[in-house]
Each structure stands twice: as structure tokens, then as C-alpha cells.
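Single-letter residue listing:
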Amino acid sequence: MAVAVVVPAKDEAERVGRTVRALGGIPQLRHVVVVDDGSVDATARRAAQAGAHVVRHPRNRGKAAALTTGADRVARLDAEAGLAPSLLLFVDADLGESAAATGALVEPVRVGDADMTVAVLPPPRGGGHGFVGRLARAGIRRATGFPATQPLSGMRCLTRTAFEVARPLAPGWGVETALTIDLLTAGFRVVEVPCELRHRVTGRDWRSQLHRARQFRDVARAIAVRRMRRALPLRVLRALGRRRAHLTR
């Protein structure tokens, strides 16, 4: 089974080229698709120069929209070439040379030991207070019993079937937490894989604190939506499932 990489990127001109080039060493790599999510710098140009297929959002639409756009482009590329669906590997744009280590996420999915793998990164140097991660970890455990180590990790590999079941993705920064809950709830297997990855650590200035506040809001919303779904009567859930299937066709 071949793999296609989807890289959501906003204003990552400094690192995205190195990230794309590093991904080229992943075995059985079929496509690298970078989704430029409303950047105002040279992100799209640098990604294209490094060899990626580039899709641009004219304005910033958020990570979930970027992942969906990228996965849809992969499906189109596969179909145009008459190929079976690729495994999807989601990779953050700021990993630089360490992005090559995301290849470790592919094999458990390829051989059928997992439907989605999640990268566990080395402990960060500096960074935030961890309150968003604690919220996500507690929400996943309450919903599924799964003890997530790094619930906010954006580096994941999953089958096309698993991705389609998880659509529509939760908006904003709640996408990773929701992916884990939705797939585990649907009976898919999620496996964590240690990866030697290094990305830019969010600081502690006011912009960074604002970013964390948005993360907290989006994760809390994703958890609340899924808690509400569990409380709905079965007939309502079935109706929502039929509507969801119709929207994804």
C-alpha cells in the first residue's frame, strides 16, 4: 500500500521546503500535497520548489479544512492515475529535516496492525503549560477509555476508510482530539508510535497565549459535541449518520 502525505501549512516558508524534501525518503511514497492555508509569505512557492503538489486556500480556513482539502486532492490524484487509495499521512509543515521520521507511522497501518497511528514526540524544551493537552487527554479517556500520551499530536497515518468515517472533521484545533475519539468510538484501532520529531515550540508571549486559548476553545467544543452525541437517542444518531453519509458522497 502506497502512502500520500498531506501537509497543512500557513506562513511556513522558512521550513516547509526542508519538510517536503525530508518526506521524500519515506518508502512507497506516492504524493506529497501541501495545502497553503491562506499564507501571506512564500509558503506555496517553497513547497512547489521542493517537489510538492500545492493547493491554495485564498484565505485561512483552519487545520481541519486544510487536511480535508489535501485528502481530497490525494483521492483525485489516485483516481486520475487509476491507482488504489493511498494511505494518508498527516505531517505538520514545521518539522524540517526531522519529518523523515514520520515514516515510522506508516508500517503499522500498512500491515494491518492499526487503522490510525499517532506520533509521540520527545518531551518539548520549553513551551506551554500543558492545560490544553490535559483537557484533550481527559476528554479522550472519558469518551473511549484510551490513555492518549500526546492527544494533540498532528502527525498521524490512517487508512482512507478511517478518514472517510471521521468526516466531517472537527473544526479548528479540535481536529486531532476528535479524530481519536471518533475512530475509537467507531471500533477502529489507534496505536501510538514514538517518533524522533522536532517542531517549533510555541512560546509564552501574548500571541502564543492567544493561540493556546483558541486551542482550548476548539478542543473543548470537539469534546462537548461528542459527549452530546452519546446522549442522543439511537434513532437520532441513525438519522445523523445517514445525513453524514449523504454529505460525504
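The structure we're discussing is the one just above.
Here we summarise the structure given alongside this text. Every residue gets a number counted from 1 within its own chain, in the order that chain's sequence is written. Totals for whole chains, interfaces and linings use all residues, but because this is a predicted model, local features are given only for residues with pLDDT of at least 70 and pairs of side-chain atoms are given and counted only at 80 or more. Excluded from the side-chain calculation are hydrogens and water; included are all heavy atoms of the structure.

## Considering the side chain of T69
Where helices and strands are cited, they refer to DSSP runs of H or I of at least four residues and of E of at least two residues respectively, numbered from the N terminus. On the secondary structure map, T69 appears in helix 3 (residues 63-80). Three exposure classes are used, based on accessible area relative to the maximum for each residue type with a 1.4 Å probe and protein chains only: buried under 20%, partly exposed in between, and exposed over 50%. You can call T69 buried: its relative accessible area is 16%. Apart from the residues within four sequence positions on either side, T69 is in contact with V35, V55, H57 and R61. For this analysis, residues touch if any pair of their heavy atoms sits within 4.5 Å.

## As for helix 3
A helix's residues, less one, multiplied by 1.5 Å, set its expected span. When the terminal C-alpha atoms of helix 3 are compared, their 26 Å separation across 18 residues agrees well with the 26 Å that a helix rising 1.5 Å per residue should span. The elements touched by buried residues of helix 3 are strand 1 (3-9), strand 2 (29-37), strand 3 (53-57), strand 4 (87-90), helix 6 (160-166) and helix 7 (175-185). G82 sits one or two residues past helix 3 and shows a positive phi near 65°.

## So, the sheet that holds strand 7 (residues 190-194)
The strand order across the open sheet built from seven strands is 3-2-1-4-6-5-7, with neighbouring strands paired in mixed fashion. In the strand order of this sheet, the two ends are held by strand 3 and strand 7, each with one partner. For this sheet, the mean angle separating the axes of adjacent strands, direction not counted, is 20°. Strands were regarded as paired on the criterion that DSSP finds at least two bridges between them. Pairing geometry for strand 1 and strand 4, over four bridges, is parallel. Following the sheet pairing, V3 is matched in strand 4 by L87. Between the N-to-C directions of two axes lies an angle of 0 to 180 degrees, each axis being a line fitted to C-alpha atoms and, for a helix, fitted only over the stretch in contact.

## Brief notes about unusual backbone geometry
Here the amide bond leading from R167 into P168 is cis, since omega sits at -10°, within 30 degrees of zero. Relative to the assigned elements, P168 resides in the loop between helix 6 and helix 7. Non-glycine residue D11 carries a positive phi angle of around 55°. Mapped onto the elements of the fold, D11 is located in the loop between strand 1 and helix 1 (16-23). One non-glycine residue, Q28, adopts positive backbone phi at about 55°. By relative accessible area, Q28 is classed as partly exposed at 47%.

## Observations regarding the packing of aromatic side chains
Ring geometry is summarised as follows: Phe, Tyr and Trp rings, the Trp one being its six-membered ring, pair when their centres sit within 6.5 Å, and such pairs are stacked at plane angles under 30 degrees, edge-to-face over 60 and tilted between the two. Summed over the entire model, instances satisfying the criterion amount to two aromatic pairs. Their ring planes at 75° and their centres at 6.1 Å tell us that F90 and F163 sit as a pair that is edge-to-face. Taken as a pair, F90 in strand 4 and F163 in helix 6 lie far apart in primary sequence, 73 residues in all. Each member of the pair, F90 together with F163, is buried. Between F131 and F216, the ring centres sit 5.7 Å apart and the planes meet at 45°, which makes this aromatic pair tilted. One end of the pair, F131, is in helix 5 (residues 131-144); the other, F216, is in helix 8 (residues 206-231), and 85 residues separate them in sequence. Look at F131 and you get partly exposed, because its relative accessible area is 28%. A residue is classified by how much of its surface remains accessible, and F216, at 35% relative accessible area, is partly exposed.

Any functional reading would require information beyond the geometric quantities listed.
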